[in-house]
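Examining the three-dimensional arrangement
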Amino acid sequence: MNKIKIAFFETEPWEKDYLESQLRNFDLIFFEEKINSNNLKKISDISVLSPFVYSVIDKKIIGSLKALKYIATRSTGFDHINLKACRNKKILVSNVPTYGENTVAEHTFALILDLSRKIYPSLEKTKKGDFSLEGLRGFDLKEKNLGVVGTGNIGRHVIRIANGFNMKILAYDIKKDQKLAKKMDFKYVSLDYLFKNSDIITLHLPYNKSTHHLINKESLKLFKKDCYLINTSRGGICDTTALLQGLKNKIFAGLGLDVLEEEYFIKEERELLDPDFKKTCDLKTILQNHILINQPNVIITPHNAFNSKEALLRILDTTIENINSFSKNKLINLIK
Ligand code: NAD
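Structure report, in brief. All values derive from a computational prediction rather than experimental measurement. Residue positions within a chain follow its written sequence, with the count starting from 1. Under the rules for a predicted model, residues below a pLDDT of 70 receive no local features and side-chain atom pairs below 80 are neither given nor counted, while totals for whole chains, interfaces and linings still include all residues. Only hydrogens and water are set aside; all other atoms, that is, all heavy atoms of the structure, feed into the side-chain values.

Note on conventions: DSSP H or I runs of at least 4 residues are helices, E runs of at least 2 residues are strands, and numbering of each starts at the N terminus. Within the protein chain, the secondary structure is distributed over 15 helices and 12 strands. Its C-alpha radius of gyration of 21 Å places the protein chain within 12% of the 20 Å reference for a compact globule of 336 residues. Taken along its principal axes, the extent of the C-alpha atoms in the protein chain is 70 × 50 × 40 Å. Relative to its 336 residues, the protein chain shows a buried fraction of 49%. For the protein chain, contacts bridging at least 24 residues in sequence account for 61% of all contacts bridging at least 6. Total accessible area computed for the protein chain in this model is approximately 18,000 Å², and 52% of it derives from carbon and sulfur atoms. For the charge count, each Lys or Arg is scored as positive and each Asp or Glu as negative, with His and the chain ends excluded. Working definition for charges: the position is that of NZ of Lys, CZ of Arg, CG of Asp or CD of Glu. Here the protein chain contributes 52 positive and 40 negative side-chain charges, whose respective centroids are spaced 5 Å apart. When we talk radius of gyration, it's over C-alpha atoms, and the globule rule is simply 2.2 Å times the number of residues to the 0.38. Type-normalised accessible area, obtained with a 1.4 Å probe on protein chains alone, sets the label of each residue: buried when under 20%, exposed when over 50%, and partly exposed for intermediate values. Residues are treated as being in contact if the distance between any of their heavy atoms lies within 4.5 Å. Each accessible area is a Shrake-Rupley result for a 1.4 Å probe, and residues are judged covered by the shown protein chains and nothing else.

Our focus in this paragraph is the site of the ligand. Whether a residue is near a molecule or strand depends on its heavy atoms: it is near if one of them lies within 4 Å of it. Not every one of the 24 residues close to the ligand is listed here, only the nearest: N153, I154, D173, T232 and D258. With respect to the ligand, the side chain of D173 contributes an N or O atom lying 2.6 Å from an oxygen atom. By the criterion applied in these results, polar contacts are pairs of N or O atoms within 3.5 Å in which, for protein atoms, one can donate a hydrogen and the other can accept it, and in which residues neighboring in sequence qualify only through two side-chain atoms. The contact in question runs from a nitrogen atom of the ligand to an N or O atom on the side chain of S210, over 3.2 Å. Notes on the ligand: free accessible area 870 Å², of which the protein chains cover 87%.

On to empty space enclosed by the protein. Cavities and pockets are found on a 1 Å grid laid over the protein atoms alone: a cavity is a set of points where a 1.4 Å probe fits but cannot escape, a pocket is an open set with protein on both sides within 12 Å along at least five of seven lines, and a lining residue has an atom within 4 Å of such a point. Grid points are joined across faces, edges and corners, and a volume is the space filled by probe spheres set on the points. Tallied over the full model, the rule gives 1 cavity of 30 Å³ or more. The calculated volume of the largest cavity comes to roughly 30 Å³. In terms of lining, the largest cavity is formed by G235, C238, T240, L243, L257, V259, L260, E261, N289 and L292. Those elements that provide at least two residues to the lining of the largest cavity are α11 (240-248) and α14 (283-293).

On to the sheet that holds strand β5 (residues 92-94). Paired strands are those between which DSSP finds at least two bridges. Strand order in the open sheet made by the 5 strands is β2-β1-β3-β4-β5, with parallel pairing throughout. Each of the sheet's edge strands pairs with one partner strand only, and the pair in question is β2 (27-30) and β5. The mean inter-strand angle of the sheet, taken between neighbouring strand axes irrespective of direction, is 15 degrees. Where strand β1 (residues 5-8) meets β2, 4 bridges bridge the pair, whose relative direction is parallel. Orientation is described by lines fitted to C-alpha atoms, with helices fitted over the stretch in contact, and by angles between N-to-C directions that extend from 0 to 180 degrees.

Printed below as a string of structure tokens:
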């Protein structure tokens, strides 16, 4: 019997070794880089594709992989995959729904604490041998209002950690889990109320049409002056122009961002020379990202919130389960 052929993209050598040891009954092919027009030629006969978030699986790629039946993305977010094109071709898609809930929540607090205790400017000073406290006064988290937008897997871990700091939680979600609210001692409020009353707002939403530019010039008008915004979800949830405007008008005292709009092109600026560049990238946003990076009260990490040893192993283990479930026709973690 022919083995199911699977192509993995954006894999490190240790991941290749692990997947090979666990998926012995499959024919595996690995690429360290993201999917592109060159490596696409080498996988024309695959029936399973396993990308990470930087491999954009668009209509063209889906159309060119004639034998493709299943995509097992090694991520929670799936906005890098054209789901409509998959549906049209009857290609099934699964994700890893819960590998990073505590991991991303811990990173969220790393960003919050960096801002509240001015860790980065403190380090810059001490590395220069300057031990003065000038400009380093922070603020307590205790009893501050934390606005958690999205109380799914990650948001609820953020609430758990925030309770440990004795913060007051204001939460918003389109689906309210009142049992969770009672158990974790928080209340659901309207989004407007959350924006108006939060000292720190943290975003834990999927990126889609309804969340695109949720933080925009209009919503900014509601925000408490001198608040902090943390985004570990997806860059497109915040309008970059609004972020800069909020900083300029001192609505934001600081920003902690693990994700940026057009972040891929900041990471790989060489791609700007790619012939596809004009179709996929907004130069104004890239320029604005550079302005953001250089603001003293903005901390940016390179989409690193998921990146702990434990979380990466959980990603691989769930991906292995997803692929096994596909081969047995008992699919799990399907994106509908
Ligand atoms: P989740 O699906 O468990 O929770 C998302 C919550 O958002 C749900 O409760 C849902 O009801 C709510 N929601 C959806 N649309 C909404 C809207 N328009 N308004 C209000 N609430 C809405 O997802 P999660 O595991 O908590 O992850 C959240 C996001 O974090 C992911 O979609 C992904 O984009 C991002 N993420 C980032 C990293 C990273 O490394 N930075 C890692 C993992 C996940």
